[in-house]
Amino acid sequence: MINLIPKPKNLIETAEWFSFEKNNATAFVSCELKEIKEMLGVVMGFEFKEAKNNATISFIFDNSESRDSYSLIVDKSGIKVFASNCEGAFYALQTVRQLFEADFPSKKCLACHFVKITNDKPKYEWRGLHLDESRHFFGKETVKKMLDFMALYKLNRFHWHLTDDQGWRIEIKKYPLLTQIGSKRKYSQVGNWNSKKIDGKPVEGFYTQEDIKEIVEYAKKRQIEIVPEIDFPAHSAALLASYNHLACRDIPCEVFTFFGGIIPESRGNKMWNRPLCLGKEEVYNFVYDVIDEVSKLFPFEYFHVGGDEAPRNEWKQCPCCQAKMKEENLKNEDELQGYFTNKVNEHLRSKGKIMIGWNEILKADLINRDIVAQYWTPQRDKNVTTHLKQGGKVILSCHKAFYFDMNYSYVTLKSTYNFNPVLNNVPKDYLSNVLGLEAENWTEWIDSEEMLFYKIYPRALALAENAWSDESVKNYSDFCQRLKRHNKIMDALGIYYGDEKITVHRSVLYKSRMASKLNLKLTDFDSEYRISKNVKPK
Ligand code: ACM
Ligand code: ZN
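Residues take numbers from 1 onward in each chain, read along the sequence in its written order. Chains carry letters from A onward and ligands carry numbers from 1 onward, assigned in written order. Residues qualify for local features only when their pLDDT is at least 70, as the model is predicted, and side-chain atom pairs are given and counted only at 80 or more; totals for whole chains, interfaces and linings, by contrast, use all residues. Each side-chain value is worked out from all heavy atoms of the structure, with water and hydrogens disregarded.

1. Regarding the coordination of the zinc ion (ligand 2)
Moving on, step 1. Taken together, the protein ligands of the zinc ion (ligand 2) are Cys 248 (SG), Cys 277 (SG), Cys 318 (SG) and Cys 321 (SG), with distances of 2.3 Å.
Moving on, step 2. If you look at the zinc ion (ligand 2), its four donor atoms make angles of 105 to 114° with each other, and the shape they trace is tetrahedral.
Moving on, step 3. Sites may look incomplete, because water is not among the atoms used; the donor set itself consists of N, O and S atoms within 2.8 Å of the metal (3.2 Å for Na, K and Ca). Summarised as a motif, the one-chain spacing of the donors to the zinc ion (ligand 2) is C-x28-C-x40-C-x2-C.
Moving on, step 4. The buried label goes to any residue with under 20% of its type's maximum accessible area, the exposed label to any with over 50%, and the partly exposed label to all in between, with areas taken from a 1.4 Å probe on protein chains only. By relative accessible area, which is 3% here, Cys 318 ends up buried.
Moving on, step 5. Using a relative accessible area of 0% as the deciding quantity, one classes Cys 321 as buried. In these descriptions, tetrahedral denotes four donors with every angle between 85 and 135 degrees, square planar four donors and octahedral six donors with opposite donors over 155 degrees apart and the rest between 65 and 115, and irregular any other case.

Okay, structure coming up:
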């Protein structure tokens, strides 16, 4: 049985086998698809000699395939890939990796049933994973591992959350203190949002601009575009620790060591959550400067500016912010943030970039609609509906389905797999304004690569199938059957993952959690996961 994830719509399998020795593998590549030739060995993990005839794998140019679609035939004469460009050919190659289980490094001979896959293509152009490296810094090797993992499941957008209250992680040459001060914190809160425990260990780390270029290049080779996120105007404690005067009040502050909740205030730190001042011209110039440097490093046209959870109290009391509101005729602080968002958007447009922000940026009606809203809040946000109706685009990251930092008992595998935009506040008539789906990996409580992959897998596979496969072939229990084989692939690759442990009544799991607050139904059964234990990381 074929265990492909995401599942292609048109797939015929027959009982005969095609097999080849890795040592003797050969490839033919049409000149139009020559880019795939450079990637072939890297992606497959072994070399192919060039061949004109009777190649093990042939890449044939076929302009009836769209930009990211492909067809694939495996029969007695070998593997034939049909694509109109490198993107489609690359996706075909991921299918080949899975079909032949080419990811088992110890295998010398690869075999698979005869297969015909026709016109396999994604449902959404945006199939993303996010990584928060502010709360915990993982570094280049983990990021590359994540990109490799994404490629195998045809995920193509990596949203890199590089700044937040607890650390600034990207070198900005014009503002060196952002990393000299902002990339370091004295210790971290451990446990959970209400925990008073700290670990006493200093944290530091950031990416130089050279590191960033290296990762962008690495991703590009895997058909993955990287979207940087620089969070303005809130979540800016690390920024303000570096440049105090960019807040409404020019007072000293530290890179934040707690992750939020009520603890900071109970410890007498009432001012940790201060935003940038939106009344000072120098703040706008600072933001533009940072955007300019970051834009040059990331060739992708999208740029994420955050914009979530910006508190209003500082702005309400700040003479500069209030003067700005008067001067620009802004009714309230929501409009002040809307004004800021429009200015930043204008700047991004002048650099050829498209702005993405969390859905809170839609609070002011004056917002321009040529931006993308990332819809994460679990509650319905009527501003998103307005945005869609006015032609705005969205990326869907609903908390209940795509916040992978949450427990498996809250963001269940099934809820990721079955997430349906129409049942989650996207009116049917505006489905064409949905760019796609993306899952968030916030890392307040994720401090290791093992824990990160435990959270990501298997939910990222459910996301991948939901974002790629046609509704007619999606089926949760069939997906769970196919998944079992993929655990073995993770074992072979030395990647930790979430391994199904037991099936328990949800109410047991929710008992001490936030069930009533989040209005969850406690009637279903679901699984809890443990970290896989068969893995020896390489
Ligand atoms: C968010 O989770 N604050 C976007
Ligand atoms: Zn101000």
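Here the narrative resumes.
2. Observations concerning the sheet that holds strand β5 (residues 70–75)
Moving on, step 1. Strands were regarded as paired on the criterion that DSSP finds at least two bridges between them. In this description a helix means any DSSP run of H or I spanning at least four residues, a strand means any run of E spanning at least two, and both kinds are numbered starting from the N terminus. Reading across from one edge, β1-β7-β5-β6-β4-β2-β3 is the order of the seven strands in this open sheet, with mixed pairing throughout. With partners counted over all chains shown, the strands left at the sheet margins are β1 (11–21) and β3 (49–50), one partner each.
Moving on, step 2. Relative to strand β7 (residues 109–120), β5 is paired through four bridges, and the arrangement is antiparallel. Its bridge partner lying in β7, Ile 73 is registered against Lys 116.

3. Concerning the pairing of strand β18 (residues 393–396)
Moving on, step 1. Here strand β17 (residues 372–375) pairs with β18 via four bridges, running parallel. Its bridge partner lying in β18, Gln 374 is registered against Ile 395.
Moving on, step 2. One crossover worth recording links β17 to the parallel β18 by way of helix α12 (residues 382–389), and it is right-handed.
Moving on, step 3. Note that β18 and strand β19 (residues 434–439) share three bridges and pair parallel. The residue bridging Ile 395 from the neighbouring strand is Gly 436, located in β19. A clockwise course of the path from the first strand over the helix to the second, judged with the strands pointing away from the viewer, identifies a crossover as right-handed.

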